[in-house]
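Results of the structural survey
Given next are the chains, with one letter for each unit.
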Amino acid sequence: MAEEILLIGQTLCFDGDPFHDGIETARHDARGGVLVRDGIIAEIGTADDLRQAHPAAEVVDYGEGLILPGFIDAHLHYPQTAIIASWGKRLIDWLNTYTFPEEIAFSDPAHAREIAARFFDISLANGTTTVASYCTIHSESVEAFFEEAQKRGLRAVGGKTCMDRNAPDALRDTAQSAYDDSRALLERWHGVDRLCYAITPRFAPTSTREQLEALGALWGEHPECPMQTHLSEQTDEVAWVSGLFPEARDYLDTYERAGLLGPGGLYGHAIHLSDRERGALKEHEGALVHCPTSNTFIGSGLFDMDGLTREGQIVGLATDTGGGSSFSMLRTMAAAYEVAQLRGRALHPAELLWLATAGSARALRMNDRIGRLAPGYEADLVVLDLGSTPAIAQRSSRASDVWEAVFPTIMMGDDRAVRDVRIMGRSVEQGFAV
Ligand code: GUN
Ligand code: ZN
């Protein structure tokens, strides 16, 4: 007999993309049910109908808890877990002062394992069930990332960060070793259990043209893998890139001419873009990853969510830990809301929740298996308490619809709002199934 679990609570399902199809594409059920069979969502419906149809299913009733797909964090750096919230620097100084010294320590497998385990525990406690992470230049850091994800049964994306210039000696590889090591790691981990390898040139300033081309060649051999990098985060970084690559038309072109622009490309930040870059990103189906807490924390700028979604770009949402100031996708949605407000657009809670789930899943090209409450999807779920603190509870108790009930949690919530997290249907409280 297949194992069936019926989860009962409020449910919110998205049939489409609310940026494109309007918020009517969301369906709310105040007493809904999610039937999970062998780790996969089998049916969505009302609690009563599903109970009747599946009398033998084990029932978990969350009352007014809101059942959502687990959050998907489309860009972060797990090795920066222990240096999150480091004071007072902008991007390049922040990298040199805090980030690079910390990343050097990941040549030690024990350190890498300790931080990877800590990172996943914090992330899961925040309701994040899938991440796309940079590792460090060391293969050991990639091994630790995938081993800890695998232990927890997670769908996870990671890759060795490649750098062959403008970084400390201890953090530099070469064009050839970046290719060889990335390929060996890809062959070892991509497609194992729920794991996915991402080819990872850190960003144009820390790679020579030769290295970008070597990684472009590897991506050409493995187009099924994502490729993650950074793009146009700060204006002085953009100016630096144009000095380093005088032959390039713009920042994106440093990737484009190396074969690093295409479907499955994940471009973190993407704030200071020219019209040509926007056109090329759209044409080649690159995904832009919005990192709002990082963009305010490091002082990078205001992502053009309204314009970019209107022109049909693929957009995901991410914490950018530890340039970002929180591990929480709720805090990240709040920052996305505030940044959009500063640009004159109020994002609807439906849009924010969609970005943190189906939107990020689409950016990762995993939107056929995670990020939605729908039959056939993997049952990676988060259950939110919409009254997790007295301040939130007193506001949500006045709500006249689900959006007003959930918005205080989006704006003021954190890990205290996470009532349960399920990986392939199984609560993390019960331990991991694998
Ligand atoms: N650009 C290149 N590397 C990094 C990084 O680690 N964090 C952020 N925010 N931007 C980067
Ligand atoms: Zn980053």
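Here's a quick rundown of the structure.

What counts, and where the lines are drawn
Each residue is numbered by its place in its chain's sequence as written, counting from 1. A letter from A marks each chain and a number from 1 marks each ligand, given out in the order of writing. In keeping with the predicted nature of the model, local features appear solely for residues at pLDDT of at least 70, side-chain atom pairs appear and are counted solely at 80 or more, and the whole-chain, interface and lining totals rest on all residues. Computation of side-chain values: all heavy atoms of the structure, hydrogens and water removed. Think of it this way: any DSSP run of H or I at least four residues long counts as a helix, any run of E at least two long counts as a strand, and we number them from the N terminus. We take the radius of gyration over the C-alpha atoms and set the globule estimate at 2.2 Å times the residue count to the 0.38 power. Buried residues are those whose accessible area, probed at 1.4 Å on protein chains only, stays under 20% of the maximum for their type, while exposed residues exceed 50% and partly exposed ones sit between those limits. Two residues form a contact once any of their heavy atoms are found within 4.5 Å. Only the protein chains shown count as cover for residues, and all accessible areas are computed by the Shrake-Rupley method using a 1.4 Å probe. When charges are counted, neither His nor the chain ends are considered; positive counts come from Lys and Arg and negative counts from Asp and Glu. Note on charges: their place is set at NZ of Lys, CZ of Arg, CG of Asp or CD of Glu. Metal donors: N, O and S atoms at distances within 2.8 Å, or within 3.2 Å for Na, K and Ca, with water omitted from the atom set so that some sites may seem incomplete. Think of it this way: with four donors and all angles in the 85 to 135 degree range, the site is tetrahedral; with four or six donors, opposite ones beyond 155 degrees and the rest between 65 and 115, it is square planar or octahedral; otherwise it is irregular. In this analysis, strands are considered paired if DSSP registers two or more bridges between them. Axes here refer to lines fitted to C-alpha atoms; in helices the fit is confined to the stretch in contact. Angles between the N-to-C directions go from 0 to 180 degrees.

Considerations on the overall build of the protein chain
The secondary structure content of the protein chain amounts to 16 helices and 17 strands. Relative to the 2.2 N^0.38 estimate, which gives 22 Å for 434 residues, the radius of gyration of the protein chain is 21 Å and therefore close to what a compact globule would have. Projected onto its principal axes, the C-alpha coordinates of the protein chain cover approximately 65 × 50 × 40 Å. Out of the 434 residues belonging to the protein chain, those deemed buried represent 62%. Long-range contacts, defined here as pairs at least 24 residues apart, represent 75% of the contacts in the protein chain between residues at least 6 apart. Carbon together with sulfur atoms contributes 49% to the accessible area of the protein chain, which is approximately 15600 Å² in total. Across the protein chain, the mean location of the 38 positive side-chain charges is 1 Å away from that of the 63 negative side-chain charges.

Let's talk about the coordination of the zinc ion (ligand 2)
Ideal geometry at a metal centre gives angles of 109.5 degrees when four donors are arranged tetrahedrally and 90 or 180 degrees when six donors are arranged octahedrally. Surrounding the zinc ion (ligand 2) are the protein donor atoms His75 (NE2), His77 (NE2), His230 (NE2) and Asp320 (OD), at 2.0 to 2.6 Å. Angles of 88 to 161° at the metal separate the four donor atoms of the zinc ion (ligand 2), which places the site in the irregular class. Along the chain, the residues donating to the zinc ion (ligand 2) are arranged with the sequence spacing H-x1-H-x152-H-x89-D. Taken as a pair, His75 in strand E5 (residues 71-77) and His230 in strand E11 (residues 227-231) lie far apart in primary sequence, 155 residues in all.

Description of the sheet that holds strand E16 (residues 418-423)
The strands making up a sheet associate through hydrogen bonds between their backbones, and the pairing can be parallel or antiparallel. Read across the sheet, seven strands follow the order E3-E2-E1-E4-E15-E16-E17 without closing on themselves; strand pairing throughout is mixed. In the strand order of this sheet, the two ends are held by strand E3 (40-46) and strand E17 (426-427), each with one partner. Relative to E16, strand E15 (residues 381-384) runs antiparallel, the two sharing four bridges. Bridge pairing in E16 places Leu384 opposite Val418. Packing of helix H14 (residues 349-363) onto the sheet brings it into contact with strand E1 (4-14) and strand E4 (58-69), and relative to E1 it is tilted by some 125°.

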